[in-house]
Amino acid sequence: MRRLHNTVKNFAWGSTDAIPAILGTAPDGTPCAELWLGAHPLSPSRLDNGQFDQQSSTHRSAQQGSSSSVDVKTNSTTVGPNLIEYLAGDPAGLLGHDSVQVFGPRLPFLLKVLSAQKALSIQVHPNPEQAALGFAREESEGPDLDSPTRNYKDPSAKPELIYALTEFHALTGFRSRKAMRSTFERLLSLSLSPTSLDFLGDVLSALKSVTEAKAFARAVELVLGDSRSAGFVDEVAGQDLAELPDGHISRSGTAVDPAETFQELVADYPSDPGVLVALMLNRVHLQPGEALAMESGVLHAYLGGTGIEVMASSDNVLRGGLTNKHIDIPELGKVAKFTSAKPRMVEPDRDGILLGATEDFALQSLRCPRLTQIERRGASIALCTSGSITLTSLGSTVTLTRGQSVFIAANEPTVTADGHGDLFVATTGLDNSLPFA
C-alpha cells in the first residue's frame, strides 16, 4: 500500500469549497472542479517517497513472520515517482495478471472527486471500436494530439459512473419523442421573431421524422449547426414560460420542469445552442448515496453537485453544447445513440460494490467499516472522504484521514478496512477474485 499525492483540476465550472473541504484545506476562491487519482498521462498521481523504505521494511518483517504497524504522516515533502512509472516496474504484480491480459500494462480506471458549481458540457464518449478507429485516423491524418480540435486523445472508451456525495443534478440520455415535442411546442406561445418561429417549426418538423433515431439525430444536428439557433435561445431567455404541473407530458423524464432547466443553463451559457439539446435529455436528481452510470454513446452532462466519479482511463470527449470548446457535429452524430432511454441508476451489492457497463472499473463504498474486507479485482485506489479509516494487510497498516489516499497493488495480501468515516475504493470490474482477496 502506497500513499498518493494527487492533482486538483481548476476548471471554471468547479465549486470553490467542496474539494478543499475533503482535502482539509482552506478555500481561496479558486474553482476546484476535479481531484484526479490514478495513472492518466495528463495528471498521474505520485507516490509518497517518504513511505517507501518503511513499507518495504514492513513487508520484509512480515515475510520473516513478525508484524508491525506503519502509520505514515502525510505532510512529507518527498514526492516519489508517478504511478505510471511505478506500475511499469512490475505490471503483472502491481496490476494483476488478469488485468494485464485484458487491459494491457496500464491502470484501466481513473478515480475522481468531481464538484460542479455550474453545468459541464453536454458530451458523449465513444465505444471501444469507435475510439480505436477514431484515434488511428487522427493519428495518421492529424491534428496534433494537443490540438483543441482533436476528438480522440487515446484509443480507449470512456464509460463513467457518478456516486453522489451531495444532491446532484445530471442530464443523461434522450427523453421520449412525445415529451420533447411537447416541450418545444410550449415555446410557440412566446413572442418570437419570424426567423425564430421558422427555426422552431423546423425543429418540430425534425422531431416528426419517421423513425425515432432520425428524429433525434436531425433535431440535434439542426440545433447545434443552424445559425438561427443562438438568436432563438436569446429570444426565449428573455421571456417567462409558465411552469406546468407534475404529470404533464412535457415534464416526462425530467426531475424539474424543462423551463427551469432552460433558465438555469442559459444564465451560465447565454446564446449556447446546447441549452436546447438539454431540453431533449432526461434530468436526474440524485440524493447522497445514489449512483448513475453513463454508457458509451449516451449524451449527458453534470449540472451541479459533488460526487465520486470513476471511469475508464480515457480522455475521449465529443461535445454537444454548453461549452466554448470544439464541437464536431458529424462525429457526434456517429457516436451518439439516438434512442430514448431511462437513466441507468446503479445499486450497490451487499458488499457496497457498484458496477458500470464495462469491466474497466468497479467502485466500493464503505461507511464506518468494521474489519471489512476491501474488494479487489486487480490494482485498487482507496480514498477517505471523511473521518479516519485504517487499512490493514499482512504486517502493514496505513491510517487514512479525509482527503488521503493509497494505491493498493494487486499482489498485496488481503486488505481490511476499519474505522469511522467514508472510504471509496476503485478497482477493475473484472469478474474474478485475486488469490489473496
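Residues numbered from 1 in each chain as written. Predicted model: local features only at pLDDT ≥ 70, side-chain atom pairs only at ≥ 80, totals over all residues. Heavy atoms only, no water.

Turning next to the nonpolar core. Phe174, Phe184 and Leu276 are the most contacted members of the largest nonpolar core, which has 48 residues in total. Looking at which element gives the most residues to this core, the answer is helix α9 (residues 212–225), with seven residues. Beyond its immediate stretch of four places on either side in the chain, Phe174 contacts Met180, Phe216, Val220, Met280, Leu281, Asn282, Leu299, Lys337, Phe338, Thr339, Ser340 and Ala341. (Core = buried A, V, L, I, M, F, W, Y, C linked by side-chain atoms within 4.5 Å. Buried < 20%, exposed > 50% of the residue type's maximum accessible area, 1.4 Å probe, protein only. Helix = DSSP H or I, 4+ residues; strand = E, 2+ residues; numbered from the N terminus. Contact = heavy atoms within 4.5 Å.)

The next point concerns the UniProt feature "active site" (unreviewed entry) in the protein. In the numbering adopted here, UniProt assigns the feature "active site" (unreviewed entry) to Arg319. Summarising the element assignment, Arg319 is placed in strand β13 (residues 318–319). If sequence neighbours within four positions are ignored, Arg319 has contacts with Ser121, Ile122, Gln123, Lys325, His326, Ile327 and Leu332. (UniProt positions renumbered as here; feature names shortened; annotations may be inferred.)

A word on the pattern of salt bridges. Inspection of the entire model under this criterion finds 18 salt bridges. Linking Arg283 and Glu264 is a salt bridge whose minimum nitrogen-to-oxygen distance equals 3.1 Å. With Arg283 in strand β10 (residues 281–286) and Glu264 in helix α11 (residues 258–268), the pair connects residues that are 19 residues apart, well separated along the chain. Taking relative accessible area as the criterion, Glu264 reaches 32% and is therefore assigned partly exposed. For Glu295, the salt bridge is made with Lys337, and the minimal N-O distance between the two is 3.8 Å. Here Glu295, found in the loop between β11 (291–294) and β12 (300–312), pairs with Lys337, found in the loop between α13 (329–335) and β14 (344–346); they are 42 residues apart in sequence, far enough to count as distant. Via salt bridges that share partners, Arg137, Glu331 and Lys334 belong to a single interconnected network. (Salt bridge = Lys/Arg side-chain N within 4 Å of Asp/Glu carboxyl O.)

In this section: the side chain of Gln404. By the element assignment, Gln404 lies in the loop between β19 (396–401) and β20 (405–408). Polar contacts involving the side chain of Gln404 include one to the side chain of Arg3, which spans 3.2 Å. (Polar contact = N/O pair within 3.5 Å; in protein donor to acceptor, adjacent residues only side chain to side chain.)

What follows deals with unusual backbone geometry. For the bond from Gly142 to Pro143, the omega torsion is 5°, close enough to zero to count as cis. Here Ser271, not a glycine, exhibits a phi torsion of approximately 70°, which is positive. Note that Ser271 resides in the loop between α11 and α12 (274–278). Overall, the relative accessible area of 29% leaves Ser271 in the partly exposed class. Notably, Cys368 is not glycine yet its phi reads approximately 45°, a positive angle. Position of Cys368 among the secondary structure elements: in the loop between β16 (362–367) and β17 (372–373).

Here we come to the confidence of the model for the protein. Parts of the model with low pLDDT should not have their predicted coordinates read in detail. Taken over all residues, the pLDDT of the protein has a mean of 91, while the share at 70 or more is 92%. Here residues 52–76 is modelled with pLDDT under 50, and outside its nearest four sequence neighbours on either side it reaches 33 contacts, counting other chains as well. (pLDDT = per-residue confidence, 0-100.)

At their nearest, the axes of helix α10 (residues 229–237) and α11 sit 10 Å apart, and the two run at 115° to each other. One finds that α10 runs roughly perpendicular with respect to α11. Helix-helix and strand crossings are classified by hand; for α10 and α11 the assignment is left-handed. Only Phe262, Gln263 and Val266 of α11 make contact with α10, whose side of the interface consists of Val233, Val236 and Ala237. For the contact of α10 with α11, the residue count by class is five nonpolar, one polar and no charged. (Axes fitted to C-alpha atoms, helices over the stretch in contact; angles between N-to-C directions. Parallel < 35°, antiparallel > 145°, perpendicular 65-115°, else oblique. Left-handed = near helix turned anticlockwise from the far one by under 90°. Nonpolar A, V, L, I, M, F, W, Y, C, P; charged D, E, K, R; others polar.)

Let's shift gears to α9. Taking 1.5 Å of rise per residue, 14 residues should cover 20 Å, and α9 covers 20 Å from first to last C-alpha, within 8% of that figure. Along α9, the residues that are buried comprise Ala215, Phe216, Ala219, Val220, Leu222, Val223 and Leu224. Here the buried face of α9 lies against β9 (168–174), α7 (177–186), α8 (194–206), α10, α12 and α13. (Expected span 1.5 Å × (residues − 1).)

Okay, the packing of aromatic side chains next. Evaluated as defined, the whole model comprises seven aromatic pairs. Plain terms: the ring middles of Phe11 and Trp13 are 5.8 Å apart, the flat faces sit at 35° to each other, and that makes the pair tilted. Both rings, one in Tyr163 and one in Phe424, keep their centres 5.1 Å apart while their planes meet at 65°; by these two values the pair is edge-to-face. Here Phe424 lies in strand β21 (residues 416–427) and Tyr163 lies in strand β8 (residues 160–164), a separation of 261 residues in the sequence. Take Tyr163 and Phe424: they sit in the same class, and that class is buried. Taken together through their ring pairs, the aromatic side chains of Phe174, Phe216 and Phe338 make up a single cluster. Positioned over the ring face of Tyr86 is Arg2, at 5.3 Å from the centre of the ring. Here the guanidinium or amino end of Lys118 rests over the ring plane of Tyr269, the centre of that ring lying 5.2 Å away. (Phe/Tyr/Trp six-rings, centres within 6.5 Å; stacked < 30°, edge-to-face > 60°. Lys NZ or Arg CZ within 6 Å of the ring centre and 35° of its normal.)

Each α-helix winds once per 3.6 residues, and so residues spaced three or four apart point in a common direction. Buried within α10 we find Ser229, Phe232, Val233 and Val236. Relative to the axis of α10, the buried residues are bounded by an arc of 100° and lie together on one face. Where the residues of α10 are buried, they touch α8, α9, α11 and α12. (Arc of directions from axis to C-beta.)

All right, on to the pairing of β9 then. By the criterion of burial, β9 is predominantly enclosed, with seven of the seven residues buried. Sheet topology places β9 next to β10; five bridges connect them, and they run antiparallel. Its bridge partner being in β10, Phe168 is matched across the sheet by Leu286. Bridge count for β9 against β12 is four bridges, and the pairing is antiparallel. In the sheet register, His169 faces β12, and the bridge partner there is Gly304. (Pairing = 2+ DSSP bridges.)

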